[in-house]
Amino acid sequence: MAKIGLFLARRLVKAAIILFFIVLINFALIRAAPGDPASVMAGEAGASDERYVELLRQRFGLDEPLHTQMFIYVTSVFQGDLGYSYRQGRNVSALILERLPATLLLTVTAFVFALAMGVLLGTLAAMKVGRWADTAITTLALISYATPLFWLGLMLILLFSVQLGWLPSFGFESVGAGFTGIDRMLDVAAHMVLPVLTLGLFYMAVYTRLTRSSILEIHDMDFVKTARSKGVTEGKVMVFHVLRNAILPVITFAGFQAGHLIGGSILVETVFAWPGIGRLAFNALLQRDYQVLLGVFVVTSILVLLFNIITDLLYTIVDPRIEVE
Amino acid sequence: MKTVSVDSVSYQLKGSNWWARATAACLLALGSGALFSTSAVADEPQHGGTLNVILDPEPPMLILGINQQAPTQLVAGKMYESLLRYDFELEPMPSLASEWEISDDGLTYTFHLQEGVTWHDGEPFTSHDVVFTATEFLPETHPRASSNFRRLESVTAPDDHTVVFQLDEAYPAFILAFEVASFPIMPAHIYEGTDFTDNEMNDHPIGTGPFKFERWSRGDYVQLTAYEDYWQDGKPYLDQIYFRLIPDAASRALALETQQVDISSFNNIEPFDVPRLEQLPHLEVITEGYEIAAPLSWIEINHRVEPLDDPRFRQAMMYALDREFIRDNIFMGLGRVPTGPINTVTIEYTDEVHIYEHDPDRAMELMDEMGLEPDGNGVRAEVELLPLPYGETFIRLAEYTREALGQVGIRVRMRSTDSAGWAQRVADWEYELTNNFVYQYGHPALGVSRTYICDNIRQGVLFSNTMGYCNEEVDDLFARAAVENDPDERAALYAKVQQILVEELPVIWLLEMEFPTIVNTRVRNATTTAIGVADTFADTWIEQ
């Protein structure tokens, strides 16, 4: 246990240092792009005059020298303050927190769906290797892997919303329907089906292929043969002997995907008008709403760092031979 | 297509369909009672219902006095009102002003305000709110206020329901400066003595309009509900309006198709999707309601770069482009080929100017004259084009431009940016050619002269004279026309300036853009004035 404590402490210190450089680099990168929020707003208004633009720049704090702005920003981030969006007239942390639940609901569901289906299909394919079930699953995985997300999303909308009329094509819920309790949950679930499928199919394909190839590799190893010859049933062999060993590459990739739970869904959120954080970030980029964009980056970076640590810990649980240093 | 209003009923007319015209004429004469008794029942406005309107992109805020983007106007136009509204011919109509007079010398504008108007928080609306908005609020927050109010000497309120605007010289365009996005009346009792942009009520708009703010679920929708104490008795008809945020253009078209939303406006729908949607029985396409905006699209030219400084070269580019082709194949027939700087649907337009036909041979002749001979690859000149990053249509336009100019020996390099980068480059004159479209606000003094006068060459300011074009005669004509109170004299001055500009081509006018307002046929009176769906929706109703 002490070992794990030490491991955690060291990783957290490292993470803080990495975070510091991420914030610095992000700040510099964003400012390297041409245009600023004041000129964007002037452009959107369809008219402008100097005094108006100057006033905006002052209000946005853009009239300070760049290094001063950077210093102010970095210190406030490490005090837990993500700043204020002058464009939207609200605190960045409030904006992010408001959008976070919708994104998490979508991405976590897609994550669980992809992982469960992927491991299941991969295992099935490996057990029936070379037969039609294997061919069908591998083909499905290949198609899901190769199809661009936005196209898949639009095709799903065309089929299920326009042609069949079964599912809503966009939004988080039926606004104005006044659903409560279980009805509201079902309504949100109906809205989630298409975006979750769109987002989840790609990762499902990845997990399917990983699981299948990994199982096939382990399937004929000596310890598996020994287990079989001891008389362990085929099902138990698969779950306790094969899968447990085959799952490591899947965990590696799942840790990677989990890091992208936030911000990895910009495209899907756009196509399905999902009110999440990916769109918040994308709009902030187009509008040069620096504080919001940086805020999203900070939150995303923290999550990636966090999931890396969790993944490493998971390894040791699944495979006791791997030890934390 | 034209929409004729008869007692708040809209009939769609195809231009060539004489029968429909005759029918509508009968209806105009007889009223809507006798001829079609069944439709008369259905055409009586009905109360109730929820309207779903596409909103894109998401506005940064909904306080119309502080932000006047198109999406802000679409939502806030239901909550705020101005003194006047304008019909499709830009004639003023009553709004918060029930009557108004302009003195013969054009210097005094007197407005008599509606009585019994209240703000959404119950406070009474008075002339003090109007004076406060004109003299304190807008000058600080509105990008066009300083030019609209430049000739304003004083604004006074002789009593609670009268406001007098005194000008120091005649300025006939002034009557058009009372449209709701130019002059939204703001509540003095909330803003007086505060920092307007940092007021705590800025996330809860308070206006006098028929709909009041209910909630804004960011990234998802804005909800407005009927204001029960609205000053026009019996209105609005709708119970509530949802503005739905749908960021993807293809998804927006699908949402209209599946009837999940009722209305799209401006460039919500890409022109290439419009013919398909127009075929659907439950949708209709209306192109009126953009007369105040009157967008004119052009190729903007940086005159500081050779050979773009030579009028002959700009004429050559104009001759090289087939603008009918652009209208028909890129904008899918939406719009008119312009003859000059002033949009035909606004005021003071003349067609007595040189007309540029599509004539690539003439283009090459002009360049020969300039001494621009083709090199071994047939290239006479090379220019850089910055496409407008406002969606697929403008990419197609840029690609066509590259091909068309290439055919007469002008090689076009393309350079892509996003909207923020575009705004900065154009404002700072770091471009050679770009596409742009600019609103005219119904009158050349409000929205046209700013593009061409020397005074307005200001680096860092978008929608100024970013070309660097300067002709003192043009300046003089625009200046005199703006303050000329005699209509004939004024028309002559504007005609002259149009002729000069068409000759010198400071920019290459491509298209008088028409935006398609696509409306579900169950919705009536979606567009009744020159600002279209940005208007109050007080008269809009849904067939149940």
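What you are looking at is a predicted structure, and each value in this text was computed from that prediction instead of being measured.

**Remarks on the overall build of chain B**
When its secondary structure is counted, chain B shows 17 helices and 22 strands. For chain B, the C-alpha radius of gyration of 24 Å lies close to 24 Å, the compact-globule estimate for 544 residues. By residue count, 61% of the 544 residues in chain B fall in the buried class. Split by element, the accessible area of chain B, about 20,000 Å² in all, is 46% carbon and sulfur. For chain B, the distance from the average position of its 36 positive side-chain charges to the average position of its 88 negative side-chain charges is 7 Å.

**What to know about the packing of helix α5 (residues 92-127) of chain A against helix α8 (residues 181-219) of chain A**
Residue and element names in this part refer to chain A. One can describe the packing of α5 onto α8 by two numbers: an axis separation of 5 Å at closest approach and a directional angle of 35 degrees. α8 is crossed by α5, and the crossing has right-handed handedness. Its residues assigned to classes, the contact of α5 with α8 comprises 24 nonpolar, eight polar and one charged.

**Some words on the domain arrangement of chain B**
How big an interface is tends to be reported as the loss of accessible area on association of its parts. All names here are of chain B. Splitting chain B by domain gives domain 1 (1-33 + 82-207), domain 2 (38-79 + 209-292 + 515-544) and domain 3 (296-513). Taken over C-alpha atoms, the centre of domain 1 sits 32 Å from the centre of domain 3. Domain 1 puts 14 residues into the contact, and the matching count from domain 3 is 13 residues. Summed over both sides, the interface of domain 1 with domain 3 buries roughly 1,100 Å², with 64% coming from carbon and sulfur. Run the count over domain 1 and domain 3 and you get zero salt bridges. Of the residues contributing to the side of domain 1 that touches domain 3, the split by class is seven nonpolar, two polar and five charged.

**Digging into helix α12 (residues 392-407) of chain B**
With 16 residues, α12(B) ought to run about 22 Å at 1.5 Å a step, and its terminal C-alpha atoms sit 23 Å apart, in line with that. Positive backbone phi, at 95 degrees, marks G409(B), one or two positions downstream of α12(B).

**Looking at the state of the cysteines**
Residues and elements named next belong to chain B. Tallied over the entire structure, the rule returns one disulfide over all chains. Residue pairing for C454: its cysteine sulfur links by disulfide to C470, the two sulfurs lying 2.1 Å apart. Across the S-S bond linking C454 and C470, the dihedral sits near 100 degrees, which makes this disulfide right-handed. Of this pair, C454 sits in the loop between α15 (449-452) and α16 (472-482) while C470 is found in the loop between α15 and α16, placing the two residues 16 residues apart along the sequence. Judged by relative accessible area, which is 16%, C454 ranks as buried. The class of C470 is partly exposed, set by a relative accessible area of 46%.

**Re the interface of chain A and chain B**
The interface is formed by 47 residues belonging to chain A together with 43 residues belonging to chain B. When chain A packs against chain B, close to 3,900 Å² is buried across both sides, 54% of that on carbon and sulfur atoms. Joining chain A to chain B, the criterion identifies two salt bridges. For D418(B), the salt bridge goes to R288(A), with nearest N and O atoms at 2.8 Å. Our count for the chain A to chain B interface comes out at seven residue pairs in polar contact (both at pLDDT 80 or more). Breaking the side of chain A that touches chain B down by element, the ones donating at least two residues are α2 (37-45), α3 (50-59), α5, α7 (149-163), α12 (266-271) and α13 (277-287) of chain A. When residues of the side of chain A that touches chain B are assigned to their parent elements, the largest contribution, seven residues, is made by α2(A).

**Some details on the pattern of salt bridges**
Summed over all chains, the structure comprises 33 salt bridges over all chains. Between R57(A) and D36(A) there is a salt bridge; the shortest N-O distance is 2.6 Å. Residue R57(A) is located in helix α3, and its partner D36(A) is located in the loop between α1 (2-32) and α2; the two are separated by 21 residues in the primary sequence. With a shortest N-O distance of 3.1 Å, E228(B) and K212(B) are connected by a salt bridge. With a gap of 16 residues between them, E228(B) in the loop between β11 (221-226) and β12 (240-245) and K212(B) in strand β10 (residues 211-217) connect regions that are remote in the sequence. Here E228(B) falls in the exposed class, since its relative accessible area comes to 60%. Residues participating in the shared-partner salt-bridge network are E382(B), E384(B), R411(B), R413(B) and R415(B).

**Some details on the sheet that holds strand β15 (residues 296-301) of chain B**
All names here are of chain B. Across the sheet, which stays open at both edges, the five strands sit in the order β17-β16-β18-β15-β19 with mixed pairing between neighbours. Each end of this open sheet is capped by a strand with a single partner; those strands are β17 (410-414) and β19 (508-512). Here the strands of the sheet are splayed against their neighbours by 30 degrees on average, with no regard to which way each runs. Inspection of the sheet shows strand β16 (residues 381-386) paired to β17 by five bridges, in the parallel sense. Bridge pairing in β17 places E382 opposite R411. The strands touched by helix α9 (residues 311-320) are β15, β16, β17, β18 (433-438) and β19; relative to β19, the strand with the most contacts, the crossing angle is about 35 degrees. Seen against the sheet, helix α13 (residues 419-427) touches β15, β16 and β18 and runs at an angle of roughly 100 degrees to β18.

**Thoughts on unusual backbone geometry**
Residue and element names in this part refer to chain B. Cis peptide bonds are those with omega within 30 degrees of zero, and the linkage from D56 to P57 qualifies with -10 degrees. Between E306 and P307 the backbone carries a cis peptide bond, its omega angle lying at -10 degrees. Mapped onto the elements of the fold, P307 is located in the loop between β15 and α9. One non-glycine residue, N525, lies in the positive phi region at around 60 degrees. For N525, a relative accessible area of 4% corresponds to the buried category.

**Some words on a nonpolar patch on the surface**
Residue and element names in this part refer to chain A. Among the surface-exposed residues, V13, I17, F20, F21, I25, L29 and F78 lie close enough to one another that they form a single nonpolar patch of about 680 Å² accessible area. If you tally residues by element for the nonpolar patch, the top one is α1, at six residues. Position of F20 relative to the elements: it lies in helix α1.

**Here we look at the packing of aromatic side chains**
Residue and element names in this part refer to chain B. The full count for this structure, using the stated rule, is 45 aromatic pairs over all chains. Between Y390 and F437 the ring centres are 6.3 Å apart and the planes differ by 80 degrees, which places this aromatic pair in the edge-to-face class. Here F437 lies in strand β18 and Y390 lies in the loop between β16 and α12, a separation of 47 residues in the sequence. For Y390, a relative accessible area of 33% translates into the label partly exposed. We classify F437 as buried; its relative accessible area is 11%. An aromatic cluster of at least three residues, connected via ring pairs, comprises F266, Y290, F331, Y390, F394, W422, F437, Y439, Y441 and F515. Its end group placed over the ring of F537, K78 keeps NZ or CZ at 4.3 Å from the ring centre. Positioned over the ring face of W216 is R218, at 3.9 Å from the centre of the ring.

**A look at the domain arrangement of chain A**
All names here are of chain A. Partitioning chain A into structural domains gives domain 1 (2-92) and domain 2 (101-318). Interface area for domain 1 against domain 2, summed over the two sides, is near 2,200 Å², with a carbon-plus-sulfur share of 71%. Per-residue buried area on domain 1 facing domain 2 is highest for R11, I30 and Y73; these three make up 23% of the total on that side. Of all the secondary-structure elements, those providing two or more residues to the side of domain 1 that touches domain 2 are α1, α2, α4 (66-78) and β1 (84-85). No other element matches the 14 residues that α1 contributes to the side of domain 1 that touches domain 2.

**Focus on the environment of L29(A)**
All names here are of chain A. Relative to the assigned elements, L29 resides in helix α1. A relative accessible area of 56% places L29 in the exposed class. Considered as a pair, L29 and R90 are 61 residues apart in the sequence and their alpha carbons are 24 Å apart.

**Focus on the sheet that holds strand β8 (residues 152-159) of chain B**
Residues and elements named next belong to chain B. Judged by pairing direction, the sheet is antiparallel, and its four strands sit side by side in the order β6-β7-β9-β8 without closing on themselves. The two strands at the open ends of the sheet, each matched to only one other strand, are β6 (97-102) and β8. Neighbouring strand axes in the sheet, compared pairwise and without regard to direction, differ in orientation by 15 degrees on average. Where helix α4 (residues 127-141) meets the sheet, it contacts β7 (108-113), β8 and β9 (162-167), and its direction lies at approximately 165 degrees from that of β8.

How each quantity is defined
Residues numbered from 1 in each chain as written. Chains lettered and ligands numbered in written order. Predicted model: local features only at pLDDT ≥ 70, side-chain atom pairs only at ≥ 80, totals over all residues. Heavy atoms only, no water. Helix = DSSP H or I, 4+ residues; strand = E, 2+ residues; numbered from the N terminus. Rg over C-alpha atoms; globule rule 2.2 N^0.38 Å. Buried < 20%, exposed > 50% of the residue type's maximum accessible area, 1.4 Å probe, protein only. Areas by Shrake-Rupley, 256 points an atom, 1.4 Å probe, with all protein chains shown as cover. Lys, Arg positive; Asp, Glu negative; His and termini not counted. Charge placed at Lys NZ, Arg CZ, Asp CG, Glu CD. Axes fitted to C-alpha atoms, helices over the stretch in contact; angles between N-to-C directions. Left-handed = near helix turned anticlockwise from the far one by under 90°. Nonpolar A, V, L, I, M, F, W, Y, C, P; charged D, E, K, R; others polar. Domains from an automatic or database assignment. Contact = heavy atoms within 4.5 Å. Buried area = accessible area lost by both parts, 1.4 Å probe. Salt bridge = Lys/Arg side-chain N within 4 Å of Asp/Glu carboxyl O. Expected span 1.5 Å × (residues − 1). Disulfide = S-S within 2.5 Å. Polar contact = N/O pair within 3.5 Å; in protein donor to acceptor, adjacent residues only side chain to side chain. Pairing = 2+ DSSP bridges. Patch = residues over 30% accessible without salt bridge, like charges linked within 9 Å, V, L, I, M, F, W, Y side chains within 5 Å. Phe/Tyr/Trp six-rings, centres within 6.5 Å; stacked < 30°, edge-to-face > 60°. Lys NZ or Arg CZ within 6 Å of the ring centre and 35° of its normal.

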